Amino acid sequence: MMRKTGSALLALFVMVLGLFFPSARAEAIDAWGIAAQALGVLGAYHSALGAVLALGNDVHAQVESRRQDLAENGRARNVRDIQLVDGIMERLVRDGGYVLRVNSLPFTWALTDSPVFNAACYPTDYVTINRGLVRGLNGNVDELAAVLGHEMTHGIRQHSAHNYAQAAAQFYGMSFLNMNFGLMDWNKLNALVGYSVAKNVTLPTEYEADEGGFYIMTSAGFNPGGGAAAMARMGYYLTYVTQELAEYQDPKEKDLPQDDFSDHPATERREAKLVGYMTDYSAGHVTVRDRRTVCIDGTPLLTVTWTDEDYDNSPENAYLVAGALARAFHDYDRAEDWHIGLTDDGSVTMDGDPRVNELLVHFLAREKAGERLLTLVRDAYTGEAESGAREQLRAVEEKRAQAQEAARAEVENADAKAIQKMRENSDAYSDYGDSVRALMLMERVFAAPHDEHRAQSYVIRARAYAVQGDWERARADADRGVADDPKDVLTWLNRSDVRRMMGDRAGALSDARKAIETDAKNPYGYLIAAELSDEMGNTEEAQAYFKKLYDVEPKALGRIPDEYLEAVDRRAYTKRMKEKEKARAEREKNIREKRNEKHRSAEEGDAD
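Note that the structure is a prediction, hence the values are computed from the model and not measured.

Cut-off values and rules
- Position labels on residues start from 1 in each chain and follow its written sequence.
- Reporting in this predicted model follows two pLDDT cut-offs: at least 70 for local features of residues, and 80 or more for side-chain atom pairs to be given and counted; totals over whole chains, interfaces and linings ignore these cut-offs and use all residues.
- To obtain the side-chain values, all non-hydrogen atoms of the structure were included, while hydrogens and water were left out.
- Secondary structure elements follow DSSP: runs of H or I no shorter than four residues count as helices, runs of E no shorter than two count as strands, and numbering proceeds from the N terminus.
- What a helix is expected to span follows from its residue count: subtract one and scale by 1.5 Å.
- For the exposure calls, accessible area comes from a 1.4 Å probe over protein chains only, and a residue counts as buried if that area is under 20% of its type's maximum, exposed if over 50%, partly exposed in between.
- Definition used in this section: a nonpolar core is a set of buried Ala, Val, Leu, Ile, Met, Phe, Trp, Tyr and Cys residues joined via side-chain atoms within 4.5 Å.
- Residues count as neighbours in contact if any of their non-hydrogen atoms are within 4.5 Å of one another.
- Each salt bridge in this description consists of a side-chain nitrogen of Lys or Arg and a carboxyl oxygen of Asp or Glu lying within 4 Å of one another.
- UniProt positions are given in the numbering used here, feature names are shortened, and annotations may be inferred rather than shown by experiment.
- Each polar contact in these results corresponds to two N or O atoms within 3.5 Å; when the atoms are within protein, one needs to be able to donate a hydrogen and the other to accept it, and residues that are neighboring in sequence are counted only if both atoms are side-chain atoms.
- Being paired, for any two strands, means DSSP has found at least two bridges between them.
- Here, axes are lines fitted to C-alpha atoms. For helices the fit covers the stretch in contact, and angles between N-to-C directions go from 0 to 180 degrees.

Enquirer: Help me understand helix H13 (residues 370-387), please; the structure alone is not making it clear to me.
Expert: The periodicity of an α-helix, 3.6 residues per turn, causes residues three or four positions apart to be oriented the same way. Here H13 contains 18 residues, and its C-alpha end-to-end distance of 25 Å stays within 8% of the 26 Å for a straight helix at 1.5 Å per residue. Along H13, the residues that are buried comprise Gly370, Leu373, Leu374, Leu376, Val377, Ala380, Tyr381 and Glu384. Gly388 lies just past H13 and shows a positive phi near 70 degrees.

Here it is, written out as structure tokens:
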């Protein structure tokens, strides 16, 4: 997260885990006690870790994360803000260099209407972005990309799950010591746990997320100076603009060791580290002196000034100018590859993304520094022959690429249980109408060599194609699945659903009947056949199938429409009608009470 308080999460662990620890002092620890403590701490860690990882690999939990977030904070209403965030996230997800773990879901996101300057990644890989963050960063594309890459890194590396688990283990261990030695009271214990979690658990992952976010956003083509620029603006915003007390950053405390008492690193330290990543990305050529002067190999190129902001945004501009240079030094192996052309206004034309280069070109013209840039770039590449800087850069990048390939190979080598969960999650995405993520997961399934139910994979991918509206691929995959394993009831059920989405009710009903023949105990064949018969006007047949559905699975009672339920189970029908009548009466009562309250308010207003 950009900024948050860990107290709410810590309180949850204190509340839950505290139930197991009485405040009474126990006898001194013996050997068995030490063993019990070790096992208890380990158990607390693995229990918390397993629970959150399972939550993070459940599509329904991911959808619920988004629903609850928007219910609490509201959905953003500014169309431009929404399009801006969607565009950045789509680019990061599509083009960024990262590998999701085998038990991780594809990213989803939403822009909320909250004015708080914040973004966060849930354990479910749902990224929430507040309107306050977009406005606080003035809608700057590269700064937002850095922040969102940071949040994606939290999800990719499953920081939430591991942080929660470590917090649980620390609380368990310290509580055990408190019980046996009476070291401190519970209030002091909770404060110590909070300090320990912030310093030893959360802080390291925040630095890790900054670094991971830098490489995600740069690999997606954003300005390498965006992260440092975001920190520069964030420092100003949290000191002089924010109206939220929890966000406020006292300018007198900027030089204090904030890492020692906060769950987020000091903004200035994050800024410095991100500048360092940018310099490394440029093969060591680009630096920023005093947060204003952009240098190439230590020689000043230009010093930036304010632009059109209502505060001194020179540091922000300096990092974005330096980032454009870093991008060029990274991407081009020779000075000639820049294709620098001098212009009449003292600036340059050059290859690369015009948006990324915009501020660089602007300040080069302001300081008439185009010719100076050309000279410094040529000298920089000449010096590489002796320093070996480019070879070192490529070696580091090759090592990073190898690590990603190893992670990708691990995902592709997933076991049958993990593959089955991917299939289930893909099918769940299709149920929610999200064919994009459904197909993303099926791509991972088909890349795995340990898929023990390939026929199921075909029909589940067919459903995703059908949701997408790609009928040709949907039909081909559905037919392939049935042909490969006609004895698997799921192949018939899924092809039936695909045919139904395609409008082929007769074909869908035929497949539903084949599913019933294949497995007479599976309720879904009867349900689909009943619904299709009803849609086709065959009420007697529909009633017969609903009756068989009820016989096979009594819990499916809620799926049987009123018009068929009476014939299936008269008692259940009577009960449902009474419940509906009761609910209708309650609604009418509420309407009357609201109407009467409105009238009373109007009469009181007239009397005044």
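Enquirer: Before we go on, may I ask you to explain the nonpolar core in this structure?
Expert: Core analysis: the largest hydrophobic core is formed by 79 residues, its most contacted members being Leu92 and Trp338. Take this core: its biggest share by element is ten residues, from helix H11 (residues 314-331). In this view, Trp338 contacts Leu325, Ala328, Phe329, Tyr332, Met350, Asp351, Val377 and Tyr381; residues no more than four positions away in its chain are not counted. Formed by 26 residues, the second largest nonpolar core is a distinct cluster that contains Leu509, Ala515, Tyr526 and Tyr564.

Enquirer: Looking at this structure, I do not really get the pattern of salt bridges. What am I missing?
Expert: Going through the model one piece at a time under the given rule, you end up with 43 salt bridges. Among the ionic pairs, Asp113 bridges to Arg131, the shortest N-O distance being 2.9 Å. Note that Asp113 is positioned in the loop between strand S1 (108-112) and strand S2 (119-121) and Arg131 in helix H5 (residues 131-136), a separation of 18 residues in sequence. Notably, a salt bridge pairs Arg495 with Asp479, separated by 3.1 Å at the nearest N-O pair. Of this pair, Arg495 sits in helix H19 (residues 489-501) while Asp479 sits in helix H18 (residues 471-484); the two residues are 16 residues apart in sequence, bridging distant segments of the chain. Residue classification places Arg495 among the buried positions, given a relative accessible area of 11%. Judged by relative accessible area, Asp479 falls into the partly exposed class, the value being 34%. It is possible to trace a salt-bridge network through shared partners that takes in Asp333, Glu384, Arg390, Arg394 and Glu397.

Enquirer: Even after reading the chapter, I still don't get the UniProt feature "coiled-coil region" (unreviewed entry) in the protein chain, so can you show me in this structure?
Expert: With numbering aligned to this structure, UniProt lists the feature "coiled-coil region" (unreviewed entry) at residues 386-414. Spanning residues 386-414, this segment combines 90% helix with 0% strand, and its end C-alpha atoms are found 45 Å apart.

Enquirer: Where do I start with the environment of Asp562 in this structure?
Expert: The topology assignment puts Asp562 in helix H23 (residues 562-568). Through-space distance from the C-alpha of Asp562 to that of Tyr573 is 7.1 Å; in sequence the pair is eleven residues apart. Other than its neighbours up to four places away in sequence, Asp562 contacts Tyr573, Arg576, Met577 and Lys580. Engagement of the side chain of Asp562 in a polar contact is seen with the side chain of Arg576, the distance being 2.7 Å.

Enquirer: Looking at this model, I keep getting lost on the pairing of S1. Mind explaining?
Expert: With respect to burial, S1 is a largely interior element, five of its five residues being buried. On S1, burial covers both faces: Thr108, Ala110 and Thr112 on one face and Trp109 and Leu111 on the other are all buried. As judged from the five bridges shared by S1 and strand S3 (residues 126-130), these two strands associate in the parallel manner. Bridge pairing links Leu111 to Ile129 in S3.

Enquirer: Explanation requested: the sheet that holds S3 in the structure shown.
Expert: By way of backbone hydrogen bonds, the strands of a sheet pair with one another, either parallel or antiparallel. Spatially, S1-S3-S2 is the arrangement adopted by the three strands of the open sheet, whose pairing is mixed. What marks the edges here is a single partner per strand, and that holds for S1 and S2. The mean angle between the axes of side-by-side strands here comes to 15 degrees, regardless of whether they run parallel or antiparallel. Those strands touched by helix H4 (residues 79-95) are S1 and S3, and its axis lies near 160 degrees from that of S1. Taken strand by strand, helix H6 (residues 141-156) contacts S2 and S3, and its axis lies near 25 degrees from that of S2.

Enquirer: Could you clarify how one ought to interpret the pairing of strand S6 (residues 299-303) in this entry?
Expert: One face of the sheet, then the other: side chains in a regular strand alternate in exactly this way. Here strand S5 (residues 293-296) runs beside S6; their pairing, made up of four bridges, is antiparallel. Opposite Val294, over in S6, you have Leu302 as the bridge partner.

Enquirer: I'm lost on the side chain of Gln158 in this one. Help?
Expert: By the secondary structure assignment, Gln158 is in the loop between H6 and helix H7 (159-181). Engagement of the side chain of Gln158 in a polar contact is seen with the side chain of Arg101, the distance being 3.2 Å. Residue contacts for Gln158: discarding those within four places in its chain leaves Leu53, Arg101, Asn103 and Ser104.

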